[in-house]
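The chain contents come next:
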Amino acid sequence: TRGPAPWLALVAEWDRRMASRAALLVRARAGWWTAWLLARSGDSYWWLAAGLFLWWRGDDFWRGFGLRILAVTLVAGLASGILKWLFKRGRPEGGTVLPVFALDRHSFPSGHATRTTALVVVLGAMVPLPRALVLALWVLSVGVSRVALGAHYASDIVAGWILGVSVGGVVLALWS
């Protein structure tokens, strides 16, 4: 029988190297907590709560902002959830135990990377460029933190970023 395709071996080796490098960021206690907080900042329940609050309590601008947050969070979750169900790639062994893993055992593509990227695509179109760049740095930080904590492989994050750009683009196109 044949083994996995050669490109899969290259991706697995790249994932291993990126995980080793990212793990250096969380060796110190402060690094671990920073990564944990960054990883949690991309959780869907925070974004759903923020979107609902802005939609409920905001003026016209903030209501629209909140509605976009709700839409993109739900669509990104649906898209990444369907792909996770299809691929069923397990999470890395020995990573930080996060409570959500009991509900979401699959890692490909990263729901956090998908959601945060889609949010930046949609919300970045509504804010000045310097703020959009800060949001983009946040997306990178969330992705790196997820790898550093062992919640994802680097390829899960990259796939999530690609999916997030697609989801964000579709939401923007439908919103216009």
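Use the structure listed above.
How each quantity is defined
Residues numbered from 1 in each chain as written. Predicted model: local features only at pLDDT ≥ 70, side-chain atom pairs only at ≥ 80, totals over all residues. Heavy atoms only, no water. Helix = DSSP H or I, 4+ residues; strand = E, 2+ residues; numbered from the N terminus. Rg over C-alpha atoms; globule rule 2.2 N^0.38 Å. Buried < 20%, exposed > 50% of the residue type's maximum accessible area, 1.4 Å probe, protein only. Expected span 1.5 Å × (residues − 1). Contact = heavy atoms within 4.5 Å. Salt bridge = Lys/Arg side-chain N within 4 Å of Asp/Glu carboxyl O. Axes fitted to C-alpha atoms, helices over the stretch in contact; angles between N-to-C directions. Parallel < 35°, antiparallel > 145°, perpendicular 65-115°, else oblique. Nonpolar A, V, L, I, M, F, W, Y, C, P; charged D, E, K, R; others polar.

**Student:** What should I look at first to understand the overall build of the protein in this one?
**Tutor:** A count of helices and strands for the protein gives seven helices and zero strands. Helices (α) and strands (β) of the protein occur, in sequence order from the N terminus, as α-α-α-α-α-α-α. The C-alpha radius of gyration computed for the protein amounts to 17 Å, which stays within 12% of the reference 16 Å derived for 176 residues, consistent with globular compactness. Across its three principal directions, the C-alpha atoms of the protein cover 60 × 40 × 30 Å. Scored against the burial criterion, the 176 residues of the protein give a buried share of 40%.

**Student:** Would you mind showing me how to read helix 6 (residues 129-148) here?
**Tutor:** An α-helical turn contains 3.6 residues, so a residue and the one three or four places further along point in the same direction. With 20 residues, helix 6 should cover 28 Å at 1.5 Å per step; its first-to-last C-alpha distance of 28 Å lies within 8% of that length. Taken together, the buried positions of helix 6 are Ala132, Trp138, Val139, Val142, Gly143, Ser145, Arg146, Val147 and Ala148. Where helix 6 is buried, its residues meet helix 1 (6-23), helix 2 (29-41), helix 3 (44-57), helix 5 (111-124) and helix 7 (154-175). Gly150 sits one or two residues past helix 6 and shows a positive phi near 80 degrees.

**Student:** Looking at this structure, how should I read the pattern of salt bridges?
**Tutor:** Here the idea is simple: oppositely charged side chains can pair when their charged atoms come close. Taken as a whole and assessed by the stated rule, the structure comprises three salt bridges. For Asp60, the salt bridge identified is with Arg63, shortest N-O distance 2.8 Å. In this pair, Asp60 and Arg63 are both assigned in helix 4 (residues 60-87), three residues apart and thus about one turn of the helix distant. For Asp60, a relative accessible area of 62% gives the class exposed. One salt bridge in this structure joins Asp156 and Arg89, with 2.7 Å as the shortest N-O distance. Pair noted here: Asp156 is in helix 7 and Arg89 is in the loop between helix 4 and helix 5, with a separation of 67 residues, a long-range link.

**Student:** In this structure, what is going on with the environment of Ala28? I would like to understand it.
**Tutor:** Position of Ala28 relative to the elements: it lies in the loop between helix 1 and helix 2. Ala28 sits in the partly exposed class, given a relative accessible area of 47%. Remark: the alpha-carbon pair of Ala28 and Val171, spanning 143 residues in sequence, is separated by 39 Å.

**Student:** Would you mind showing me how to read the packing of helix 5 against helix 6 here?
**Tutor:** Relative placement of two packed helices is described by the angle separating their axes and the distance separating the axes. Viewed as axis vectors pointing N to C, helix 5 and helix 6 meet at an angle of 180 degrees, and their least axial separation amounts to 10 Å. With respect to each other, helix 5 and helix 6 are oriented roughly antiparallel. Residues His112, Thr116, Thr117, Val120 and Gly124 of helix 5 touch helix 6, and the partners they reach there are Ala132, Leu135, Ala136, Trp138, Val139, Val142 and Arg146. Partitioning the contact of helix 5 with helix 6 into residue classes produces seven nonpolar, four polar and one charged.

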